[in-house]
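Notes for the structure review
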Amino acid sequence: GLRLSMVDSAHRQPSNVAVYFTVDTASGDPVAGLTADDFRIYEDGSLVSVAESRQTIVNPELAAEHYTLLLVDMSGSVSESDQVPLIEEAATEFTSSLEAHQRVAVYAFDGSEDIHAITRFTRSAGAANAGVGRISGFRPQDPSTNLHGAVVAAIGGLDDAIARSDVPLRFGTVVVFTDGTDRAARITADAMGEAIDDSAYDFFAIGVGDEISEGVLSRVGREGYVMVDDRTAIRAAFTEISQRIIQMTQRYYLLSY
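Remember, predicted model here, so these are calculated numbers, not experimental data.

1. With respect to the side chain of Thr-249
Structurally, the position occupied by Thr-249 is in helix H8 (residues 234-249). Beyond its immediate sequence surroundings of up to four residues, Thr-249 is in contact with His-66, His-101 and Gln-102.

Structure representation (structure tokens):
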């Protein structure tokens with residue numbers, strides 16, 4: 001009942017093989033926590049003996065890096081509200097949980113054309129988590145909401161960060177937190193949708209309040225989204241998305257034999 005999808009493979013003479021793949025349920029849910037003994041290896045239709053294969057799960061970080069860019073709406077409706085401390089607390093827990101598994105960056109957006117770095121991707125452990133506290137000090141340059149443009153800019157920022165990596169396999173995720181509809185009208189919803197469709201990254205979204213429509217949120221959060229009516233549930237929404245991302249990261253296996 002499980003689905004294995006090959007990502008990449010390599011071999012070295014005389015007979016060393018490494019395969020990198022994902023494991024999901026038939027319904028598409030990620031499967032984590034498998035061990036080398038859970039797998040059976042076949043070559044040309046014949047089972048390879050476990051005693052001969054010496055199969056083992058190798059640390060996948062040797063072959064791949066995962067990046068998550070958290071994009072936080074800090075337009076006027078958010079930055080002037082009483083929910084900033086809740087957002088900062090939730091984002092802090094979010095980055096803390098993810099940094100153990102991948103690289104994390106946090107950016108804010110308002111109505112401006114560009115997104116604003118709160119903390120950039122770095123190799124320093126805990127750097128993203130340490131920088132999240134700067135969210136509360138952010139002041140929008142344009143109080144409107146450039147949601148569409150921010151998502152497109154986040155994709156570009158993730159492209160740039162991943163291009164600097166020297167590992168063979170690189171994966172990215174964009175997480176968007178917003179409380180409103182795009183009012184800046186710098187980029188159309190269709191242009192944003194095309195950028196998401198053309199991207200190989202995973203996209204998640206968290207929406208809070210009555211202004212954001214579920215249709216827009218589902219478009220931004222292609223792989224999953226959470227609608228929050230009660231602002232006190234923001235923390236739980238961030239936790240739900242972070243757990244989903246960790247599960248998706250842990251569905252990757254590097255099996256050597």
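2. Some details on the sheet that holds strand S11 (residues 224-228)
Across the sheet, which stays open at both edges, the six strands sit in the order S8-S7-S6-S9-S10-S11 with mixed pairing between neighbours. Every interior strand has two partners, whereas the edge strands, strand S8 (116-119) and S11, have only one. Between one strand axis and the next, the sheet turns through 20° on average, direction left out of account. Of the strand pairs in this sheet, strand S9 (residues 169-178) and strand S10 (residues 202-208) are connected by six bridges, and their pairing is parallel. Bridging from a neighbouring strand, Thr-173 pairs with Asp-202 of S10. Those strands touched by helix H3 (residues 84-98) are strand S6 (64-73), strand S7 (103-109) and S9, and its axis lies near 180° from that of S6. Its contacts with the sheet place H8 against S6, S9, S10 and S11, and it is angled at close to 170° to S10.

3. What to know about the packing of helix H5 (residues 147-163) against helix H6 (residues 189-198)
In the contact formed by H5 and H6, the axes pass within 9 Å of each other and the chain directions differ by 25°. One element, H5, and the other, H6, form an angle in the roughly parallel class. Once H5 is placed against H6, the crossing between them reads as left-handed. Between H5 and H6, the contacting residues are Leu-147, His-148, Val-151, Val-152 and Ile-155 on the first element and Ala-189, Met-192, Ala-195 and Ile-196 on the second. Taken together, the residues of the contact of H5 with H6 break down into eight nonpolar, one polar and no charged.

4. So, the pairing of strand S12 (residues 252-256)
The element S12 is extensively covered by neighbouring structure, given that four of its five residues are classed as buried. Bridge analysis of strand S2 (residues 16-25) against S12 gives five bridges, and the strand direction is antiparallel. The partner of Thr-22 across the bridge, within S12, is Tyr-252. Two elements, strand S5 (residues 56-58) and S12, share three bridges in a ladder whose sense is antiparallel. Bridge pairing in S12 links Ile-57 to Leu-255.

5. What to know about empty space enclosed by the protein
Within this structure, the stated rule accounts for one cavity of 30 Å³ or more. Taken as a whole, the largest cavity holds about 100 Å³ of empty space. Lining of the largest cavity is provided by 13 residues; of these, His-66, Thr-173, Asp-202, Met-248 and Thr-249 occupy positions nearest its centre. Broken down by secondary-structure element, the contributors of at least two residues to the lining of the largest cavity are S6, S9 and H8. Partitioning the lining of the largest cavity into residue classes produces five nonpolar, six polar and two charged.

6. Some remarks on the packing of aromatic side chains
The tally for this structure, following the rule as stated, stands at nine aromatic pairs. Ring centres 5.6 Å apart and planes at 35° place the aromatic pair Phe-177 and Phe-238 in the tilted group. Of this pair, Phe-177 sits in strand S9 while Phe-238 sits in helix H8, placing them 61 residues apart in sequence. You'll find Phe-177 and Phe-238 in the same group, each marked buried. Among the aromatic residues, those joined into a cluster by ring pairs are Tyr-20, Phe-171 and Tyr-252. The ring centre of Tyr-252 lies 5.5 Å from the NZ or CZ of Arg-251, which sits over that ring.

Conventions used here
- Residues numbered from 1 in each chain as written.
- Predicted model: local features only at pLDDT ≥ 70, side-chain atom pairs only at ≥ 80, totals over all residues.
- Heavy atoms only, no water.
- Helix = DSSP H or I, 4+ residues; strand = E, 2+ residues; numbered from the N terminus.
- Contact = heavy atoms within 4.5 Å.
- Pairing = 2+ DSSP bridges.
- Axes fitted to C-alpha atoms, helices over the stretch in contact; angles between N-to-C directions.
- Parallel < 35°, antiparallel > 145°, perpendicular 65-115°, else oblique.
- Left-handed = near helix turned anticlockwise from the far one by under 90°.
- Nonpolar A, V, L, I, M, F, W, Y, C, P; charged D, E, K, R; others polar.
- Buried < 20%, exposed > 50% of the residue type's maximum accessible area, 1.4 Å probe, protein only.
- 1 Å grid on protein atoms, 1.4 Å probe; cavity = no way out; pocket = protein on both sides within 12 Å on 5 of 7 lines; lining within 4 Å.
- Points joined across faces, edges and corners; volume = space filled by probe spheres on them.
- Phe/Tyr/Trp six-rings, centres within 6.5 Å; stacked < 30°, edge-to-face > 60°.
- Lys NZ or Arg CZ within 6 Å of the ring centre and 35° of its normal.

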